[in-house]
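Here are the chains, one letter per residue:
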Amino acid sequence: MSDNGILRVVARFLIPLIMLFGLYIQFHGEYSPGGGFQAGVVFAAGWILFALIYGLDNALKVISQRAMYILAAAGVLLYAFVGLLGVAMGGRFLDFYPLLPSPHAAQQLGIITVEFGVGVTVATVVMLIYTMFARRKSEWEAVLREDSDP
Amino acid sequence: MVAVAIVRVRDLFAAGMLFAIYSLLSAALFTVLDAGDVALTEAAVGAGISTILVLAVLALARRYEHPTGGHNLVALFVVIITGAVLVYATLDLPEFGHPDNPAQVHVGPHYIEQSYPDMGVPNMVAAVLASYRSIDTMGEAFVIFAAGLAVFALLSVPPRRRQSGIVPRRPLSDSREDEPADEKEKPDHE
(Lines give C-alpha, C1' and ligand atoms only; values in the text may rest on other atoms or scores of the structure.)
Protein backbone atom coordinates (compact mmCIF):
# COMPACT_ATOMS: atom_id res chain seq x y z
CA MET A 1 0.00 0.00 0.00
CA SER A 2 2.90 2.31 0.71
CA ASP A 3 3.94 2.28 -2.95
CA ASN A 4 0.88 4.14 -4.10
CA GLY A 5 1.81 7.75 -4.70
CA ILE A 6 -1.72 9.08 -4.49
CA LEU A 7 -2.27 7.44 -1.14
CA ARG A 8 0.98 8.84 0.19
CA VAL A 9 0.26 12.38 -0.91
CA VAL A 10 -3.32 12.34 0.33
CA ALA A 11 -2.28 10.80 3.63
CA ARG A 12 0.47 13.35 4.09
CA PHE A 13 -2.12 16.03 3.59
CA LEU A 14 -4.81 14.45 5.75
CA ILE A 15 -2.91 13.14 8.75
CA PRO A 16 -2.07 16.57 10.24
CA LEU A 17 -5.64 17.69 9.68
CA ILE A 18 -7.05 14.60 11.40
CA MET A 19 -4.74 15.05 14.36
CA LEU A 20 -5.51 18.76 14.56
CA PHE A 21 -9.22 17.97 14.50
CA GLY A 22 -8.65 15.43 17.27
CA LEU A 23 -6.94 18.05 19.41
CA TYR A 24 -9.69 20.53 18.57
CA ILE A 25 -12.47 18.29 19.81
CA GLN A 26 -10.34 17.47 22.83
CA PHE A 27 -9.84 21.02 23.99
CA HIS A 28 -12.95 22.58 22.53
CA GLY A 29 -15.19 19.89 23.98
CA GLU A 30 -16.65 22.28 26.53
CA TYR A 31 -18.01 24.59 23.86
CA SER A 32 -18.97 22.29 21.02
CA PRO A 33 -19.70 18.60 20.66
CA GLY A 34 -16.70 16.53 21.58
CA GLY A 35 -14.69 15.33 24.50
CA GLY A 36 -12.00 12.94 25.50
CA PHE A 37 -13.41 9.77 23.97
CA GLN A 38 -14.05 11.17 20.52
CA ALA A 39 -10.81 13.12 20.52
CA GLY A 40 -8.77 10.10 21.50
CA VAL A 41 -10.33 7.98 18.81
CA VAL A 42 -9.86 10.61 16.09
CA PHE A 43 -6.27 11.21 17.11
CA ALA A 44 -5.55 7.49 17.09
CA ALA A 45 -7.20 7.22 13.68
CA GLY A 46 -4.67 9.69 12.32
CA TRP A 47 -1.86 7.58 13.72
CA ILE A 48 -3.36 4.39 12.31
CA LEU A 49 -3.62 6.00 8.88
CA PHE A 50 0.07 6.80 9.16
CA ALA A 51 0.78 3.20 10.14
CA LEU A 52 -1.25 1.88 7.20
CA ILE A 53 0.52 4.03 4.65
CA TYR A 54 4.07 4.23 5.96
CA GLY A 55 4.27 0.90 7.75
CA LEU A 56 3.91 -0.10 11.36
CA ASP A 57 7.61 0.11 12.12
CA ASN A 58 7.77 3.76 11.14
CA ALA A 59 4.63 4.45 13.14
CA LEU A 60 6.15 2.80 16.19
CA LYS A 61 9.09 5.16 15.88
CA VAL A 62 6.67 8.02 16.48
CA ILE A 63 5.35 6.45 19.65
CA SER A 64 6.84 3.24 20.95
CA GLN A 65 4.72 0.44 22.31
CA ARG A 66 6.18 1.00 25.73
CA ALA A 67 5.15 4.65 25.64
CA MET A 68 1.64 3.50 24.75
CA TYR A 69 1.36 1.32 27.86
CA ILE A 70 2.68 4.07 30.04
CA LEU A 71 0.42 6.75 28.59
CA ALA A 72 -2.64 4.51 28.71
CA ALA A 73 -2.13 3.95 32.41
CA ALA A 74 -1.15 7.57 32.97
CA GLY A 75 -4.40 8.86 31.46
CA VAL A 76 -6.56 6.79 33.78
CA LEU A 77 -4.35 7.66 36.73
CA LEU A 78 -4.59 11.36 35.88
CA TYR A 79 -8.35 11.06 36.08
CA ALA A 80 -8.23 9.31 39.45
CA PHE A 81 -5.56 11.72 40.68
CA VAL A 82 -7.76 14.75 39.96
CA GLY A 83 -10.51 12.99 41.88
CA LEU A 84 -8.22 12.37 44.83
CA LEU A 85 -6.91 15.92 44.64
CA GLY A 86 -10.44 17.09 45.34
CA VAL A 87 -10.49 14.86 48.41
CA ALA A 88 -7.11 16.13 49.56
CA MET A 89 -8.26 19.73 49.26
CA GLY A 90 -11.31 19.16 51.37
CA GLY A 91 -14.05 18.05 49.02
CA ARG A 92 -15.53 14.76 47.95
CA PHE A 93 -14.07 12.34 45.40
CA LEU A 94 -14.11 13.96 41.94
CA ASP A 95 -15.44 17.16 43.46
CA PHE A 96 -13.77 19.94 41.48
CA TYR A 97 -14.89 22.94 43.51
CA PRO A 98 -12.02 22.93 46.02
CA LEU A 99 -9.38 23.05 43.28
CA LEU A 100 -9.61 26.78 42.63
CA PRO A 101 -11.31 29.64 44.45
CA SER A 102 -13.60 30.53 41.55
CA PRO A 103 -16.24 27.81 41.14
CA HIS A 104 -16.52 28.19 37.37
CA ALA A 105 -12.78 28.08 36.83
CA ALA A 106 -12.47 25.11 39.19
CA GLN A 107 -15.12 23.14 37.32
CA GLN A 108 -13.60 23.97 33.96
CA LEU A 109 -10.13 23.03 35.12
CA GLY A 110 -11.43 19.75 36.49
CA ILE A 111 -13.42 18.92 33.37
CA ILE A 112 -10.59 19.75 31.01
CA THR A 113 -8.12 17.72 33.04
CA VAL A 114 -10.25 14.59 33.31
CA GLU A 115 -11.22 14.81 29.65
CA PHE A 116 -7.55 15.04 28.79
CA GLY A 117 -6.90 11.92 30.85
CA VAL A 118 -9.70 10.10 29.05
CA GLY A 119 -8.41 11.27 25.68
CA VAL A 120 -4.86 10.07 26.34
CA THR A 121 -6.08 6.67 27.53
CA VAL A 122 -8.47 6.14 24.63
CA ALA A 123 -5.95 7.22 22.01
CA THR A 124 -3.16 5.03 23.30
CA VAL A 125 -5.39 2.01 23.92
CA VAL A 126 -6.74 2.18 20.37
CA MET A 127 -3.20 2.47 19.00
CA LEU A 128 -2.13 -0.40 21.22
CA ILE A 129 -4.94 -2.69 20.04
CA TYR A 130 -4.17 -1.86 16.43
CA THR A 131 -0.46 -2.51 16.97
CA MET A 132 -1.22 -5.86 18.56
CA PHE A 133 -3.34 -7.02 15.64
CA ALA A 134 -1.04 -5.68 12.97
CA ARG A 135 2.02 -7.22 14.57
CA ARG A 136 0.24 -10.54 15.01
CA LYS A 137 -0.10 -10.84 11.28
CA SER A 138 3.63 -10.56 10.64
CA GLU A 139 4.45 -12.88 13.53
CA TRP A 140 2.15 -15.50 12.07
CA GLU A 141 3.69 -15.20 8.69
CA ALA A 142 7.13 -15.70 10.20
CA VAL A 143 5.99 -18.84 12.02
CA LEU A 144 4.35 -20.25 8.92
CA ARG A 145 7.42 -19.53 6.83
CA GLU A 146 9.49 -21.57 9.30
CA ASP A 147 6.85 -24.24 9.04
CA SER A 148 6.94 -24.52 5.29
CA ASP A 149 10.73 -24.89 4.97
CA PRO A 150 11.87 -27.07 7.86
CA MET B 1 -32.02 -2.75 4.91
CA VAL B 2 -28.32 -2.46 5.61
CA ALA B 3 -28.80 -4.65 8.69
CA VAL B 4 -30.48 -7.34 6.60
CA ALA B 5 -27.62 -7.17 4.14
CA ILE B 6 -25.13 -7.60 7.01
CA VAL B 7 -26.92 -10.76 8.14
CA ARG B 8 -27.19 -12.18 4.65
CA VAL B 9 -23.72 -11.52 3.33
CA ARG B 10 -21.12 -14.27 3.69
CA ASP B 11 -18.14 -12.16 2.75
CA LEU B 12 -16.83 -10.84 6.06
CA PHE B 13 -15.03 -7.96 4.37
CA ALA B 14 -18.29 -6.79 2.86
CA ALA B 15 -19.98 -7.26 6.22
CA GLY B 16 -17.41 -5.02 7.87
CA MET B 17 -17.94 -2.35 5.26
CA LEU B 18 -21.71 -2.61 5.68
CA PHE B 19 -21.26 -2.17 9.44
CA ALA B 20 -19.39 1.05 8.73
CA ILE B 21 -22.23 2.24 6.51
CA TYR B 22 -24.72 1.32 9.20
CA SER B 23 -22.78 3.35 11.79
CA LEU B 24 -22.53 6.29 9.45
CA LEU B 25 -26.28 6.20 8.86
CA SER B 26 -26.82 6.08 12.64
CA ALA B 27 -24.51 9.06 13.00
CA ALA B 28 -26.56 10.96 10.44
CA LEU B 29 -29.69 10.04 12.37
CA PHE B 30 -28.17 11.36 15.61
CA THR B 31 -27.23 14.58 13.83
CA VAL B 32 -30.81 14.98 12.70
CA LEU B 33 -31.85 14.51 16.34
CA ASP B 34 -29.44 17.30 17.38
CA ALA B 35 -27.28 14.93 19.41
CA GLY B 36 -23.94 16.21 18.22
CA ASP B 37 -21.82 14.44 20.81
CA VAL B 38 -23.39 11.06 20.16
CA ALA B 39 -23.18 11.55 16.40
CA LEU B 40 -19.50 12.40 16.65
CA THR B 41 -18.86 9.34 18.79
CA GLU B 42 -20.79 7.07 16.47
CA ALA B 43 -18.98 8.38 13.41
CA ALA B 44 -15.53 8.18 15.00
CA VAL B 45 -15.86 4.94 16.93
CA GLY B 46 -18.52 3.02 15.05
CA ALA B 47 -17.69 3.92 11.49
CA GLY B 48 -14.00 4.60 11.93
CA ILE B 49 -12.10 2.67 14.53
CA SER B 50 -14.29 -0.44 14.76
CA THR B 51 -14.07 -0.87 11.01
CA ILE B 52 -10.29 -0.58 11.12
CA LEU B 53 -10.09 -3.12 13.93
CA VAL B 54 -12.47 -5.49 12.14
CA LEU B 55 -10.25 -5.25 9.06
CA ALA B 56 -7.17 -5.86 11.19
CA VAL B 57 -8.77 -9.03 12.53
CA LEU B 58 -9.86 -10.06 9.04
CA ALA B 59 -6.24 -9.85 7.95
CA LEU B 60 -5.64 -12.66 10.44
CA ALA B 61 -8.78 -14.69 9.89
CA ARG B 62 -10.38 -16.16 6.83
CA ARG B 63 -12.42 -13.93 4.64
CA TYR B 64 -15.50 -16.07 4.14
CA GLU B 65 -17.90 -17.24 6.79
CA HIS B 66 -18.49 -20.96 7.25
CA PRO B 67 -21.82 -21.97 5.82
CA THR B 68 -23.95 -23.48 8.54
CA GLY B 69 -26.20 -26.26 7.42
CA GLY B 70 -29.96 -26.04 7.80
CA HIS B 71 -31.99 -23.72 9.96
CA ASN B 72 -32.06 -23.55 13.72
CA LEU B 73 -35.74 -23.65 14.65
CA VAL B 74 -35.10 -23.14 18.37
CA ALA B 75 -33.19 -19.95 17.65
CA LEU B 76 -35.97 -18.73 15.40
CA PHE B 77 -38.51 -19.44 18.12
CA VAL B 78 -36.48 -17.60 20.79
CA VAL B 79 -35.95 -14.61 18.50
CA ILE B 80 -39.65 -14.38 17.65
CA ILE B 81 -40.69 -14.63 21.31
CA THR B 82 -38.16 -11.99 22.37
CA GLY B 83 -39.23 -9.69 19.57
CA ALA B 84 -42.89 -10.10 20.47
CA VAL B 85 -42.16 -9.34 24.14
CA LEU B 86 -40.21 -6.22 23.18
CA VAL B 87 -42.99 -5.02 20.90
CA TYR B 88 -45.47 -5.66 23.69
CA ALA B 89 -43.27 -3.66 26.09
CA THR B 90 -43.21 -0.68 23.76
CA LEU B 91 -46.98 -0.37 24.21
CA ASP B 92 -46.30 0.64 27.83
CA LEU B 93 -43.78 3.32 26.91
CA PRO B 94 -44.87 6.88 27.66
CA GLU B 95 -45.91 8.98 24.73
CA PHE B 96 -42.96 10.27 22.71
CA GLY B 97 -42.03 13.82 23.68
CA HIS B 98 -44.67 14.18 26.36
CA PRO B 99 -43.64 16.77 29.01
CA ASP B 100 -44.53 14.46 31.92
CA ASN B 101 -42.20 11.66 30.80
CA PRO B 102 -39.68 10.45 33.37
CA ALA B 103 -36.89 11.70 31.12
CA GLN B 104 -38.32 15.21 31.30
CA VAL B 105 -39.16 15.42 35.02
CA HIS B 106 -36.30 13.62 36.76
CA VAL B 107 -32.77 15.12 36.92
CA GLY B 108 -32.90 16.43 33.35
CA PRO B 109 -34.40 19.86 34.12
CA HIS B 110 -31.93 20.34 36.96
CA TYR B 111 -29.00 19.73 34.63
CA ILE B 112 -30.45 21.95 31.94
CA GLU B 113 -31.08 24.83 34.32
CA GLN B 114 -28.09 24.48 36.60
CA SER B 115 -25.17 23.31 34.49
CA TYR B 116 -24.31 26.72 33.06
CA PRO B 117 -24.67 28.65 36.36
CA ASP B 118 -22.81 25.85 38.18
CA MET B 119 -19.76 25.63 35.97
CA GLY B 120 -20.00 27.99 33.02
CA VAL B 121 -19.54 25.20 30.48
CA PRO B 122 -21.76 25.73 27.44
CA ASN B 123 -21.72 22.11 26.29
CA MET B 124 -24.14 20.47 28.66
CA VAL B 125 -23.10 16.99 27.62
CA ALA B 126 -19.51 17.64 28.65
CA ALA B 127 -20.71 19.13 31.94
CA VAL B 128 -22.86 16.12 32.75
CA LEU B 129 -20.26 13.57 31.65
CA ALA B 130 -17.21 15.06 33.28
CA SER B 131 -18.63 16.71 36.36
CA TYR B 132 -22.07 15.51 37.47
CA ARG B 133 -21.44 11.96 36.33
CA SER B 134 -17.72 12.02 36.80
CA ILE B 135 -17.43 8.65 38.50
CA ASP B 136 -19.31 6.95 35.65
CA THR B 137 -16.90 8.46 33.16
CA MET B 138 -13.96 7.31 35.23
CA GLY B 139 -15.44 3.82 35.12
CA GLU B 140 -15.62 4.07 31.35
CA ALA B 141 -12.00 5.14 31.15
CA PHE B 142 -11.03 2.15 33.27
CA VAL B 143 -13.09 -0.13 31.01
CA ILE B 144 -11.18 1.16 27.97
CA PHE B 145 -7.92 0.58 29.77
CA ALA B 146 -9.04 -2.93 30.76
CA ALA B 147 -9.94 -3.65 27.13
CA GLY B 148 -6.44 -2.66 26.11
CA LEU B 149 -4.99 -4.90 28.80
CA ALA B 150 -7.17 -7.81 27.69
CA VAL B 151 -6.02 -7.55 24.08
CA PHE B 152 -2.46 -7.24 25.31
CA ALA B 153 -2.85 -10.36 27.45
CA LEU B 154 -4.28 -12.35 24.54
CA LEU B 155 -1.97 -11.22 21.79
CA SER B 156 1.35 -10.47 23.44
CA VAL B 157 2.20 -14.16 23.61
CA PRO B 158 4.15 -14.98 20.46
CA PRO B 159 2.42 -17.50 18.23
CA ARG B 160 3.72 -21.04 18.25
CA ARG B 161 3.73 -23.68 15.65
CA ARG B 162 0.99 -26.24 15.92
CA GLN B 163 2.11 -29.43 17.56
CA SER B 164 2.75 -32.23 15.14
CA GLY B 165 -0.02 -34.77 14.87
CA ILE B 166 -2.75 -32.18 15.02
CA VAL B 167 -4.11 -31.51 11.59
CA PRO B 168 -4.85 -27.84 11.06
CA ARG B 169 -8.50 -27.16 10.55
CA ARG B 170 -9.32 -26.72 6.90
CA PRO B 171 -11.97 -24.26 5.85
CA LEU B 172 -15.20 -25.97 4.92
CA SER B 173 -16.02 -23.39 2.32
CA ASP B 174 -14.05 -22.70 -0.79
CA SER B 175 -10.94 -20.77 0.01
CA ARG B 176 -11.14 -18.13 -2.67
CA GLU B 177 -8.47 -15.47 -2.38
CA ASP B 178 -7.23 -16.97 0.85
CA GLU B 179 -3.52 -17.04 1.14
CA PRO B 180 -2.18 -20.28 2.49
CA ALA B 181 -0.96 -18.38 5.51
CA ASP B 182 -4.47 -17.39 6.43
CA GLU B 183 -5.96 -20.81 6.04
CA LYS B 184 -3.91 -22.59 8.53
CA GLU B 185 -5.03 -21.18 11.82
CA LYS B 186 -6.90 -18.26 13.11
CA PRO B 187 -6.51 -16.75 16.55
CA ASP B 188 -8.91 -17.67 19.28
CA HIS B 189 -11.01 -14.58 19.10
CA GLU B 190 -12.47 -12.60 16.30
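Residues numbered from 1 in each chain as written. Chains lettered and ligands numbered in written order. Predicted model: local features only at pLDDT ≥ 70, side-chain atom pairs only at ≥ 80, totals over all residues. Heavy atoms only, no water.

Novice: Give me the overall build of chain A: which residues, what numbers.
Specialist: The helix and strand inventory of chain A stands at five helices and zero strands. Listing the helices and strands of chain A from first to last along the sequence gives α-α-α-α-α. Within chain A, the proportion of its 150 residues that are buried is 46%. Long-range contacts, defined here as pairs at least 24 residues apart, represent 57% of the contacts in chain A between residues at least 6 apart. (Helix = DSSP H or I, 4+ residues; strand = E, 2+ residues; numbered from the N terminus. Buried < 20%, exposed > 50% of the residue type's maximum accessible area, 1.4 Å probe, protein only. Contact = heavy atoms within 4.5 Å.)

Novice: Provide a residue-level description of the interface of chain B and chain A, including the pertinent values.
Specialist: Listed by partner, the interface residues are 50 residues for chain B and 46 residues for chain A. Interface area for chain B against chain A, summed over the two sides, is near 4500 Å², with a carbon-plus-sulfur share of 75%. At the surface where chain B touches chain A, the tally comes to zero salt bridges. In this structure, the connection of chain B to chain A is made through three residue pairs in polar contact (both at pLDDT 80 or more). Those elements that place two or more of their residues in the side of chain B that touches chain A are helix 3 (36-60), helix 6 (108-119), helix 7 (124-132), helix 8 (134-155) and helix 9 (180-184) of chain B. (Buried area = accessible area lost by both parts, 1.4 Å probe. Salt bridge = Lys/Arg side-chain N within 4 Å of Asp/Glu carboxyl O. Polar contact = N/O pair within 3.5 Å; in protein donor to acceptor, adjacent residues only side chain to side chain.)

Novice: Give me unusual backbone geometry: which residues, what numbers.
Specialist: One non-glycine residue, B:Asp34, adopts positive backbone phi at about 65°. In this fold, B:Asp34 is placed in the loop between helix 2 (12-32) and helix 3.

Novice: Could you give me a rundown of the packing of helix 1 (residues 5-27) of chain A against helix 2 (residues 36-54) of chain A, with the residues and numbers involved?
Specialist: Residues and elements named next belong to chain A. Orientation of helix 1 relative to helix 2, taken along the N-to-C sense of each, is 165°, at an axis distance of 8 Å. Between helix 1 and helix 2, the angle falls in the class roughly antiparallel. When the axes of helix 1 and helix 2 are compared, the crossing they make is left-handed. Of helix 2, the residues touching helix 1 (which contributes Leu-7, Arg-8, Ala-11, Arg-12, Ile-15, Ile-18, Met-19, Phe-21, Gly-22, Leu-23, Ile-25 and Gln-26) are Gly-36, Gln-38, Ala-39, Val-42, Phe-43, Gly-46, Trp-47, Leu-49, Phe-50, Ile-53 and Tyr-54. Tallied by class, residues from the contact of helix 1 with helix 2 come to 16 nonpolar, five polar and two charged. (Axes fitted to C-alpha atoms, helices over the stretch in contact; angles between N-to-C directions. Parallel < 35°, antiparallel > 145°, perpendicular 65-115°, else oblique. Left-handed = near helix turned anticlockwise from the far one by under 90°. Nonpolar A, V, L, I, M, F, W, Y, C, P; charged D, E, K, R; others polar.)

Novice: Residue-level account of the packing of aromatic side chains, with values.
Specialist: How two aromatic rings sit relative to each other is given by the distance of their centres and the angle of their planes. Residues and elements named next belong to chain A. The final tally for this structure, using the stated rule, is five aromatic pairs over all chains. Where Trp-47 meets Tyr-130, the ring centres are 6.4 Å apart and the plane angle is 85°; that geometry is what we call edge-to-face. Of this pair, Trp-47 sits in helix 2 while Tyr-130 sits in helix 5 (residues 103-148), placing them 83 residues apart in sequence. Here Trp-47 falls in the buried class, since its relative accessible area comes to 2%. (Phe/Tyr/Trp six-rings, centres within 6.5 Å; stacked < 30°, edge-to-face > 60°.)

Novice: Could you give an account of the side chain of A:Thr124, naming the residues involved and the relevant values?
Specialist: Residues and elements named next belong to chain A. Along the chain, Thr-124 falls in helix 5. Among the polar contacts listed, one links the side chain of Thr-124 to the backbone nitrogen of Ala-72, at a separation of 3.4 Å. Not counting the four nearest positions on each side in its chain, Thr-124 is found in contact with Ile-63, Met-68, Leu-71 and Ala-72.

Novice: Break down the nonpolar core for me, with residues and values.
Specialist: A:Trp47, A:Met68, A:Phe96, A:Tyr130 and A:Phe133 are the most contacted members of the largest nonpolar core, which has 50 residues in total. When residues in this core are grouped by element, the largest group, 15 residues, is from helix 5 of chain A. (Core = buried A, V, L, I, M, F, W, Y, C linked by side-chain atoms within 4.5 Å.)

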